[in-house]
Amino acid sequence: MSSAYGGLSPLLILCLGLFFFSFPVISYQEISDETLKSLPRPKTDFDIHTGALLSPILRTRVPGTEGSRAVLNHFVDFFQSSLPDWKIELQNSTSKTPVHGNKDVPFVNFIASRDPPWAQAGDVGRLTLVAHYDSKYEPEGFIGAIDSAAPCAMIMHAMRSIDAGLTKKWEKMRKSGRKHQSLEGQKGIQVLFLDGEEAFKSWSAEDSLYGARSLAEQWDDEVNAAMSVYKTPLSSISLFVLLDLLGSKDPTIQSYFETTHWAYKKLAALEKRLRGLNQFKSTGNAPKPQWFIDGSKGEHELSGFGSIQDDHIPFLDRGVEILHVIDASPFGFPKVWHTLDDNAENLDIDTVEDWSVLITAFAAEWMELEGFMQMSKKASREENVNGKASGQWNKKTEL
Ligand code: 1BN
Ligand code: ZN
């Protein structure tokens, strides 16, 4: 009887299997200590009164109002002037709400993306960093500094910090002809600032997540060009990293999903390394502060309390891989949550800065930018003394 494998020896089949199965997760290039030590800090950009990134978001921004349009313009201005290689899109929808009677309220999602210059859009898997930019309708005057002005500013800082590294890496790949050979040749990044996350009256499936529901549906329905690697823009999301309620001191971040616990552990490891390298300004209350409390757990040891309602839900429901980074200790959200105390003055700016550096490190590691990030003069002197080369394609750590 002939075998289904056309006469190949079992040993050869095993070897081929091992080779192909190990290929998609081959490696993850770790960011070095030198790079972690030289990641750009936001300097004055997070000043709550004058900071170029954060202060324009610290205002009311209820969907369909002047505040919302001003914050949206701030995002557009920032990407157009500081990150001109990024593609900007606005995704529009309208909906009735429980407080607007017959009126259709406009919701505008902001999308910015950067792909390798040679890649077809449908062939790029994108790390997707997400925060909502709307603020609550009630109580009147609600600012939502942790919810989610600060997370938007953190993402802006992180994208600005890796942008030149992306250019350098992709330029080197283009010159050396490596662009078609490797998986990272098709690795991109995108930012979603979503509108209408908050309920206008009280949270329900219809009164919440207005922008996220519209975008997830549209990206699920849209089909990429024929022969694309990814069928839809939704399936092009390699990981959906949602930041919410960040900017209070001593946050507690749980891991909610088994399938992305490995990525959560990457964040936890980076937190630990940045602290060890004295790169964190905020100091915790505990003797050994730790934001990512599940960092030492295995994926089967997570508490399994289920996920919290937030913008990831319409994407999760469609099979997208989610990493939900939300300050929600087992005892609840930060005490300012959904009160007028969630304002600029109650942000812990050292913590906001530390978050922005951690997100930079995570994005730089995901995009494999070791050797392509700008070095501080001191770190680059140390590297020369230690005789290390930059742009080391092959220095990879097995997962
Ligand atoms: C998070 C921040 N959420 C709203 N602002 C989502 C949420 C709403 C989570 C109600 C729990 C309850
Ligand atoms: Zn909220």
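In what follows, the structure referred to is the one given above.
From a predicted model like this one, the values you see are computed outputs, not experimental measurements. (Residues numbered from 1 in each chain as written. Chains lettered and ligands numbered in written order. Predicted model: local features only at pLDDT ≥ 70, side-chain atom pairs only at ≥ 80, totals over all residues.)

S.K.: Where do I start with the overall build of the protein in this structure?
M.R.: Assigned secondary structure in the protein consists of nine helices and eight strands. Relative to its full complement of 399 residues, the protein shows a buried share of 41%. Expressed as a percentage of contacts within the protein between residues at least 6 apart in sequence, the contacts between residues at least 24 apart total 76%. (Helix = DSSP H or I, 4+ residues; strand = E, 2+ residues; numbered from the N terminus. Buried ≥ 20, exposed ≤ 12 C-beta atoms within 10 Å, placed from the backbone. Contact = placed C-beta atoms within 7 Å.)

S.K.: I'm lost on the pairing of strand E6 (residues 237-244) in this one. Help?
M.R.: When a strand is regular, its side chains alternate between the sheet's two faces. Within E6, six of the eight residues are buried, leaving the element largely enclosed by the surrounding structure. For strand E4 (residues 125-132) and E6, the ladder comprises five bridges, and the chain directions are parallel. Along E6, the bridge assignment pairs Leu-129 with Val-241. Looking at chain direction, E6 and strand E7 (residues 322-326) are connected through five bridges and run parallel. Within E7, the position partnered with Leu-242 by the bridge is His-324. (Pairing = 2+ DSSP bridges.)

S.K.: Just to check I follow, could you spell out the sheet that holds E4 for this structure?
M.R.: To summarise the sheet geometry, strands pair through backbone hydrogen bonds and adopt either a parallel or an antiparallel arrangement. Ordered by their spatial adjacency, six strands build an open sheet running E2-E3-E5-E4-E6-E7, and the pairing between neighbours is mixed. Every interior strand has two partners, whereas the edge strands, strand E2 (87-95) and E7, have only one. Across the sheet, the mean angle separating the axes of adjacent strands is 20 degrees when strand polarity is ignored. As paired strands, strand E3 (residues 105-114) and strand E5 (residues 187-194) are joined by five bridges and run antiparallel to one another. In the sheet register, Ser-113 faces E5, and the bridge partner there is Gln-190. Running at roughly 135 degrees to E6, helix H4 (residues 145-175) makes contact with E3, E4, E5 and E6 of the sheet. (Axes fitted to C-alpha atoms, helices over the stretch in contact; angles between N-to-C directions.)

S.K.: Is there a simple way to explain the pairing of E7 in this structure?
M.R.: In terms of burial, E7 is largely enclosed, as five of its five residues are buried. The two faces of E7 match: Ile-322, His-324 and Ile-326 on one face and Leu-323 and Val-325 on the other face are all buried.

S.K.: Teacher, can you tell me more about the packing of H4 against helix H8 (residues 349-366) here?
M.R.: When two helices pack together, their arrangement is given by the angle between the helix axes and by the axis-to-axis distance. Between H4 and H8, whose axes approach to 8 Å, the crossing angle comes to 45 degrees. Taken together, the axes of H4 and H8 are oblique relative to one another. When the axes of H4 and H8 are compared, the crossing they make is right-handed. Of the residues in H8, those touching H4 at Ala-150, Met-154, Ile-155, His-157, Ala-158, Ser-161, Ile-162 and Gly-165 are Val-352, Trp-355, Ser-356, Ile-359, Thr-360, Ala-363 and Ala-364. Here the contact of H4 with H8 is composed, by residue class, of ten nonpolar, five polar and no charged. (Parallel < 35°, antiparallel > 145°, perpendicular 65-115°, else oblique. Left-handed = near helix turned anticlockwise from the far one by under 90°. Nonpolar A, V, L, I, M, F, W, Y, C, P; charged D, E, K, R; others polar.)

S.K.: Quick question: what am I supposed to make of helix H3 (residues 66-82) here?
M.R.: Spacing of three or four residues puts side chains on the same side of an α-helix, whose turn is 3.6 residues. Between its first and last C-alpha atoms H3 spans 24 Å; for 17 residues at 1.5 Å apiece the expected length is 24 Å, and the two agree. Its buried side turned inward, H3 meets E2, E3, H4 and E5. (Expected span 1.5 Å × (residues − 1).)

S.K.: Sorry if this is basic, but what is going on with the site of ligand 1 here?
M.R.: In the region of ligand 1, the neighbouring residues are Asp-147, Glu-198, Trp-203, Asp-244, Leu-245, Ile-308, Gln-309 and Asp-310. Considering only residue class, the shell around ligand 1 consists of three nonpolar, one polar and four charged. (Near = placed C-beta within 6 Å.)

S.K.: Looking at this structure, I do not really get the environment of Met-154. What am I missing?
M.R.: On the secondary structure map, Met-154 appears in helix H4. Here the alpha-carbon distance between Met-154 and Asp-354, two residues 200 residues apart in the chain, equals 9.1 Å. With sequence-adjacent residues up to four places away left out, Met-154 is seen in contact with Leu-243, Leu-246, Val-352, Trp-355, Ser-356 and Ile-359.

S.K.: Whenever I open this one, the nonpolar core confuses me. Can you help?
M.R.: Generally speaking, a soluble globular protein has its nonpolar side chains buried in company with each other. Core analysis: the biggest nonpolar cluster contains 91 residues, and Ala-150, Ala-153, Met-154, Ile-155 and Ala-363 have the highest contact counts within it. Examining the composition of this core, we find that 15 residues originate from one element, H4, more than from any other. Discounting residues that sit within four places of it in the chain, Ala-150 has contacts with Leu-54, Ala-145, Leu-246, Gly-247, Leu-347 and Val-352. (Core = buried A, V, L, I, M, F, W, Y, C linked by C-beta atoms within 7 Å.)

S.K.: Could you clarify how one ought to interpret H4 in this entry?
M.R.: When the terminal C-alpha atoms of H4 are compared, their 44 Å separation across 31 residues agrees well with the 45 Å that a helix rising 1.5 Å per residue should span. Within H4, the axis deviates most sharply at Ile-162, by approximately 35 degrees. Burial of H4 is extensive: 22 of the 31 residues sit out of reach of the surface. Backbone geometry just downstream of H4 places Gly-177 in the positive-phi region, at approximately 70 degrees. (Bend = angle between axes of the 7 residues up to and from the residue.)

S.K.: Explain the packing of helix H6 (residues 261-276) against H8 here, please?
M.R.: Contact geometry for H6 and H8: axes closest at 10 Å, N-to-C directions at 125 degrees. With respect to their mutual orientation, H6 and H8 come out oblique. Seen from above, H6 lies across H8 with right-handed handedness. Residues Lys-266, Leu-267, Leu-270, Glu-271 and Leu-274 of H6 form the contact with H8, whose own contacting residues are Val-357, Leu-358, Ala-361, Phe-362 and Glu-365.

S.K.: What am I meant to see in unusual backbone geometry here?
M.R.: In terms of backbone geometry, most residues other than glycine have negative phi values and most peptide bonds are trans. Omega for the bond connecting Glu-138 with Pro-139 falls within 30 degrees of zero, at 0 degrees, which places this linkage in the cis form. Along the polypeptide, Pro-139 turns up in the loop between E4 and H4. Of note, the bond from Asp-147 into Ser-148 is cis; its omega dihedral lies within 30 degrees of zero at 0 degrees. Structurally, Ser-148 is set in helix H4. Positive phi outside glycine occurs at Glu-368, with the angle close to 55 degrees. Relative to the helices and strands, Glu-368 is located in the loop between H8 and helix H9 (377-386). A tally of 21 C-beta atoms within 10 Å means that Glu-368 is categorised as buried.

S.K.: Help me out: how do you make sense of the environment of Ala-363 in this one?
M.R.: Structurally, Ala-363 is set in helix H8. Placed 236 residues apart in sequence, Ala-363 and Leu-127 show a C-alpha to C-alpha distance of 8.0 Å. Discounting residues that sit within four places of it in the chain, Ala-363 has contacts with Leu-127, Ala-158, Ile-162 and Ile-189.

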